Amino acid sequence: MRNIKEEEKANLIMSLRSMGIISYEVLSAIENTPREIFIPKHLSHYAYENRALPIGFNQTISQPYIVALMTEKLSLRPDDIVLEIGTGSGYQTAIISKLVRKVYTIERINPLLVAAKSCFKKLRLTNIVSKIDDGFLGWSNMSPFDKIIITCSLSTVHEDLLYQLNVGGKCIAPIRKNSGKQLLKCITISNKRDDDYWEEICEVKFVPLIRNN
Ligand code: SAH
């Protein structure tokens, strides 16, 4: 008999497909990553439901559909070097790390990063480099990156951050509008860098990016 967890996982993958996620690589990275280790034990029975969950410190692990969508929209390649701002539980980091060469990730809350790092170790993910910091201005020492993913909401993405991307690179981020609503947007960096535009993907709900002063 298949165990319940495997069945729940299979249902989640099917529902991600029905919601429009088509990348085999993204779906199998999700299938092969145990989400339950990234969430508090008392919530682990919700691990394969398509919903965001609290991870403490007023932060949340994103909904699997949004993790899948953001990962798919980045069109990751095996050689890519990726910067993530907002490690949180580390779940999104883990998914990306299975699809690319290296992931740099920045988190501002130390206990969250400590927990995330222990998950990376458990899963033997050795291509993730992390630091505690305010990630608003990226990680210029380690640039250039091929892709940047921001998993906390902000009203604008600073130009300096976009200059840490290679030409052809992409940045995906939840952008807050004046109305308070957030739109998931993605930009692809062109040669000239002045006619780049943000593709609007869908409405989302992320915790805010907080600056260290
Ligand atoms: N992708 C994560 C989502 C984490 S929630 C997951 O699936 O678990 C967003 C995270 O961004 C929080 O952990 C929050 O502490 C972090 N964050 C907020 N402002 C930040 C900043 N300026 N720099 C780095 N991380 C930040």
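Refer to the structure printed above.
To keep things clear, this report deals only with the structure shown in the data block. (Residues numbered from 1 in each chain as written. Predicted model: local features only at pLDDT ≥ 70, side-chain atom pairs only at ≥ 80, totals over all residues. Heavy atoms only, no water.)

Examining the side chain of Arg35
Okay, step 1: Inspection of the secondary structure puts Arg35 in the loop between α2 (24-31) and β1 (53-56).
Okay, step 2: Glu49 provides the closest opposite charge to the buried, unpaired Arg35, separated from it by 8.1 Å.
Okay, step 3: Not counting residues within four places of it along the chain, the set of residues in contact with Arg35 comprises Tyr46, Ala47, Tyr48, Glu49, Arg51, Ala52, Leu53, Ile61, Ser62, Gln63, Pro64 and Tyr91. (Helix = DSSP H or I, 4+ residues; strand = E, 2+ residues; numbered from the N terminus. Buried < 20%, exposed > 50% of the residue type's maximum accessible area, 1.4 Å probe, protein only. Lys, Arg positive; Asp, Glu negative; His and termini not counted. Salt bridge = Lys/Arg side-chain N within 4 Å of Asp/Glu carboxyl O. Contact = heavy atoms within 4.5 Å.)

Points about α2
Okay, step 1: Buried residues of α2: Val26, Leu27, Ser28, Ala29 and Ile30, and no others.
Okay, step 2: In the core, the buried residues of α2 are packed alongside α1 (4-18), α3 (64-73) and α4 (91-97).

Focus on unusual backbone geometry
Okay, step 1: Residue Pro144 is reached from Ser143 by a cis peptide bond, and omega for that bond is 5°.
Okay, step 2: We note that Phe57 has phi near 55°; this positive angle belongs to a residue other than glycine.
Okay, step 3: Of the residues examined, Phe57 reaches a relative accessible area of 48% and is grouped as partly exposed.
Okay, step 4: Of note, Ser75 is a non-glycine position whose phi angle comes to about 45°, a positive value.
Okay, step 5: Relative to the assigned elements, Ser75 resides in the loop between α3 and β3 (81-85).

Here's the deal with the site of the ligand
Okay, step 1: As a matter of local geometry, the ligand sits amid 23 residues, with Ser89, Glu107, Asp134, Gly135 and Ile210 nearest to it.
Okay, step 2: In the model, an oxygen atom of the ligand is placed 2.6 Å from a nitrogen or oxygen of the Glu107 side chain.
Okay, step 3: Asp134 is positioned with one of its side-chain polar atoms (N or O) 2.9 Å from a nitrogen atom of the ligand.
Okay, step 4: Considered on its own, the ligand offers 580 Å² of accessible surface; in the complex 99% of this is hidden by protein.
Okay, step 5: Among the elements of the structure, β2 (59-61) and β4 (102-107) are those that each provide at least two residues to the shell around the ligand.
Okay, step 6: The element contributing the most residues to the shell around the ligand is β2, with three residues.
Okay, step 7: A breakdown of the residues in the shell around the ligand according to their chemical character gives nine nonpolar, 10 polar and four charged. (Near = heavy atom within 4 Å. Polar contact = N/O pair within 3.5 Å; in protein donor to acceptor, adjacent residues only side chain to side chain. Areas by Shrake-Rupley, 256 points an atom, 1.4 Å probe, with all protein chains shown as cover. Nonpolar A, V, L, I, M, F, W, Y, C, P; charged D, E, K, R; others polar.)

Regarding the packing of aromatic side chains
Okay, step 1: In this structure the tally under the stated criterion is three aromatic pairs.
Okay, step 2: Both rings, one in Phe38 and one in Tyr91, keep their centres 5.6 Å apart while their planes meet at 70°; by these two values the pair is edge-to-face. Separated by 53 residues along the polypeptide, Phe38 in the loop between α2 and β1 and Tyr91 in helix α4 bring together distant segments of the chain.
Okay, step 3: Taking relative accessible area as the criterion, Phe38 reaches 6% and is therefore assigned buried.
Okay, step 4: Here a set of aromatic residues connected by ring pairs shows up, and it is made of Tyr104, Trp139 and Phe145. (Phe/Tyr/Trp six-rings, centres within 6.5 Å; stacked < 30°, edge-to-face > 60°.)

A closer look at the nonpolar core
Okay, step 1: One finds Leu16, Ile21 and Ile30 to be the most contacted residues of the largest nonpolar core, which totals 44 residues.
Okay, step 2: Elements with a minimum of two residues in this core: α1, α2, β1, α3, α4, α5 (110-122) and β8 (182-188).
Okay, step 3: Considering each element in turn, this core owes the most residues, six residues, to α3. (Core = buried A, V, L, I, M, F, W, Y, C linked by side-chain atoms within 4.5 Å.)

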